Amino acid sequence: MNKVIPIIPIRDGIIFPGTDAVLTFGRPKSLSALESSFKNERIVCFVLQKNSKLNDPSASDLYSVGTLSRIERMIKTDGEINAQVRGLSRVRIDSFEEDESYLLGHITEIADVVEDTPEIRALSNHLTSEFRKAMNLGKSSDFLVFMNIMSETSPSVLSDLIASVLDLKPVERQTLLETTDVKTRLEKVTALLAREIKILEIEKKIASKTQERFEKGAREAMLRERLKTIEKELGEEESSEEKELLAKLRKAGMPKDVEEKARKEIKKLSQMNQFNPEAGYIRNYVDWLLNIPWSTESPNNVDIESAEKILNQDHYGLKKAKERIVEYLAVHKLSGKMKGPILCFAGPPGVGKTSIGKSIAKALGRKFVRVSLGGIRDEAEIRGHRRTYVGALPGRIIQAIKEAGTKNPVFMLDEIDKVGADFRGDPSSALLEALDPEQNNAFSDHYLEVPFDLSNVMFITTANVLDTIPPALRDRLEVIHFAGYTQDEKFHIASDFLVKKQMENHGLKKENIDITDDAIKFIAAYYTREAGVRNLEREIASVFRKVAKMVAQGKKEKVIVTEKNVSKFLGPIKFHSSIAEKKDEIGMATGLAWTEAGGEILFIEVALMPGKGSLLLTGQLGEVMKESCTAALSYIRARAEQFGLSDKFYQKLDIHVHVPEGAVPKDGPSAGVAITTAIVSALTKIPVRKKVGMTGEITLRGRVLEIGGLKEKVIAAHRAGLTTIIAPKDNKKDLEDIPKEVLKDLKFVFVSHMDEVLNLALSGKLRVPNTKERLGATRHTVLNAPSPYKAD
């Protein structure tokens, strides 16, 4: 049969032969085709679009196999047509004709290929049985369709009827429509139905579990209500849960006001339905109140000698920190009660600030808790969130106290200098109350909303720098400065602690490796440049790893690591230490500098050139150091006559001051003395003594002011081979911090004026007044010829 009939595209549905469906049409061409067909034979061909999003598909956008259908009924509504249609047969569209208002097509009917064999009958029976199973699992289907499927129908119609009610993609439906072999179609529909049955079984299982949980919860709620009624009838007002919570409350040892608050919350919880969302929040809050150690504390019967022994066993050096802890113990032992100190260990990384906190807790016999404050920007991290927020919890302080299980732990607040602040608040301000011994006996957490006594807690904070800590918070801290370790201290720490630790970590024994003292000192001096010992430990670990590899490969001889063969394990040396000059130089002075990694000697070079009086500064100097150079030149110009220089010497000279190692930034006022000495040496052509190192800030009048970091600077000078140190007189008090083995090899000269420095530092004769002459000249000059400099 070859006919020309209207073609109507369908976006995502297919009408199978032998099935009925109600479709809605709204596209102009579809409406024209329906109306035209309805007036004549009511026969149309429905074809699936390849792309459902196209509003006006052409012939190339349609599949070539469709369904010949009859329009049974048609109802027009607002711009749309609802039509009841019935599928008649499969057809192939041989060609298309485009009418003015809709598509026409030459079609040929496709007959099903079917044989009445036992295999087809078996497939039909199995498909019917599986469909019945799907219906029992909750598959939805029109009743008439169900009855048609269950009645005796041909295999061809059966496959089409079941395919019409399955949840299939448009492409899958089109594949079934194009399958003319009935046996193949039955097999495909059976596979698709099996997939849907599996999904239905999973859905039913989920629904069953949900129902069980709901029924269990409802049953428990009903039983609880009955239990409450029974307890009320028996005169027992408290439920079993309430009794349990109240028993914990009595054991908690809370203050009266806190206990009263807890009782109210427990009462509120007992009267509340368990399905009320607020019940969970209240239960969580009550649990926090009951689990905080309100009265539990570690015993304070600590022996001072044993505590001191523990501190010395765990750490080498750190004399001031150890003394402060022992003092605290002594006062606590005598008075019986003392508010916990708020200590702040300040120093460069790797010097043992955090680890000594653990040793302090061990020495005191207390629990140790640590909270890292680095990067915290939310005030609620410290004080907690208010209970109105979902998922609210107490702050880190209360959480750590609960974790410790006692009310008097050693509490370390690590990296307090790295606390940030943003729109969520300032955490450092929240710490003010916790770290104030006069206020922290009633610390208030936003979540708990009751005061907690922190006065027995020993707070220890750590910081690398103090500048970033707000003044109000820093005022509450007792700062103990941790200086960088000296080379001798690093050697003792490595030999007493690090070598043993790394030997154990790497599974080695004394029979496998021996690292000499000279090797440890060599590694510390030439493979690390730090204030602490972290990199030193890494380098030692690197040596042990290589030895462990040798042992694992079968080496039985003992490996001895010496100063000479260290490079075989660690490669060439990484750092060179500066050493003193070999001869006295004109225009070069040796200054002393402080860094976080310890001290260094600093060479100040001065060159004179014909010019117009410019002062050139190089070596990546900071603003303060540049100002020191300017102040030094102004001092020299004011004293030109005493130095044997003409009043206008600077007008025809350019003075270039350079500090070597230009890639390293340098700043600070303590190089003022060395800069002045180098410039005077260059101008007077008198060499500076090579073995003299100097440090101190200079004023315009030549006074030498106090500086910091003398210990590190002196150790660096000793390491470099200097023999004499010139330092400000006000720094004489700092000698007690310098190791004795360093002091005995150096001569110290403490000065108050630049004239004294020049007399000591220059190797030639430069007649500058001493202190008595300078004071006499002051009186004489004031009476006769006043001068800004001489009036000092």
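Higher on the page you've got the structure.
Residues numbered from 1 in each chain as written. Predicted model: local features only at pLDDT ≥ 70, side-chain atom pairs only at ≥ 80, totals over all residues. Heavy atoms only, no water.

**Student:** Sorry, what's going on with the sheet that holds strand S9 (residues 410-414) here?
**Tutor:** Strands pair in a sheet through their backbones, by hydrogen bonds, and they do so in one of two ways: parallel or antiparallel. The strand order across the open sheet formed by five strands is S8-S9-S12-S7-S13, and the pairing between neighbours is parallel. This sheet does not close on itself; its edge strands, each paired only once, are strand S8 (368-372) and strand S13 (478-481). Recorded for the sheet is a direction-independent mean angle of 20° between the axes of neighbouring strands. By the bridge criterion, four bridges tie strand S7 (residues 342-346) to S13 in an arrangement that is parallel. Paired with Leu343 across the bridge in S13 is Glu478. Together, S7, S8, S9 and strand S12 (458-463) form the strand contacts of helix H12 (residues 353-364), whose direction differs from that of S9 by roughly 175°. Together, S8 and S9 form the strand contacts of helix H14 (residues 396-404), whose direction differs from that of S8 by roughly 155°. (Pairing = 2+ DSSP bridges. Helix = DSSP H or I, 4+ residues; strand = E, 2+ residues; numbered from the N terminus. Axes fitted to C-alpha atoms, helices over the stretch in contact; angles between N-to-C directions. Contact = heavy atoms within 4.5 Å.)

**Student:** It is not clear to me how the packing of aromatic side chains should be interpreted in this structure. Could you clarify?
**Tutor:** Aromatic rings considered in pairs are described by the distance between their centres and by the relative angle of their planes. Counted according to the given criterion, the structure contains ten aromatic pairs. Arranged with centres 5.7 Å apart and planes meeting at 70°, the rings of Tyr285 and Tyr447 form a pair that is edge-to-face. Of this pair, Tyr285 sits in helix H9 (residues 277-291) while Tyr447 sits in the loop between strand S10 (443-444) and strand S11 (451-452), and the two are 162 residues apart along the sequence. Here Tyr285 matches Tyr447 in class, with each residue buried. Taken together, the aromatic side chains of Phe522, Tyr526 and Tyr527 make up a single cluster linked through ring pairs. Cation over ring: Lys521 sits above Phe491, and NZ or CZ is 4.8 Å from the ring centre. (Phe/Tyr/Trp six-rings, centres within 6.5 Å; stacked < 30°, edge-to-face > 60°. Buried < 20%, exposed > 50% of the residue type's maximum accessible area, 1.4 Å probe, protein only. Lys NZ or Arg CZ within 6 Å of the ring centre and 35° of its normal.)

**Student:** Would you mind showing me how to read the side chain of Thr528 here?
**Tutor:** Tracing the backbone through its elements, the reader meets Thr528 in the loop between helix H18 (517-526) and helix H19 (534-552). Residue Thr528 is classed as buried on the basis of its relative accessible area of 3%. From its side chain, Thr528 meets the backbone oxygen of Ala524 in a polar contact 2.7 Å long. (Polar contact = N/O pair within 3.5 Å; in protein donor to acceptor, adjacent residues only side chain to side chain.)

**Student:** Sorry if this is basic, but what is going on with the pairing of S12 here?
**Tutor:** The side chains of a regular strand alternate between the sheet's two faces. Burial analysis of S12 places six of its six residues in the buried class, the great majority of the element. Residues Met458, Ile460 and Thr462 line one face of S12 and the alternating positions Phe459, Thr461 and Ala463 line the opposite face, and both faces are buried. Here S7 pairs with S12 via five bridges, running parallel. Across the sheet, residue Phe345 finds its bridge partner in S12, namely Thr462. Across four bridges, S9 lies against S12 in parallel orientation. For Met412, the partnering residue across the bridge sits in S12 and is Ile460.

**Student:** I keep staring at unusual backbone geometry and nothing clicks. Help me out?
**Tutor:** In most cases, non-glycine residues show a negative phi, while peptide bonds are predominantly trans. The residue Arg42 is not glycine, and still its phi comes out positive at about 65°. Tracing the backbone shows Arg42 in the loop between helix H1 (28-39) and strand S3 (43-48). Even without a glycine there, the phi angle at Lys685 is positive, about 65°. Along the chain, Lys685 falls in the loop between helix H22 (672-684) and strand S20 (692-694).

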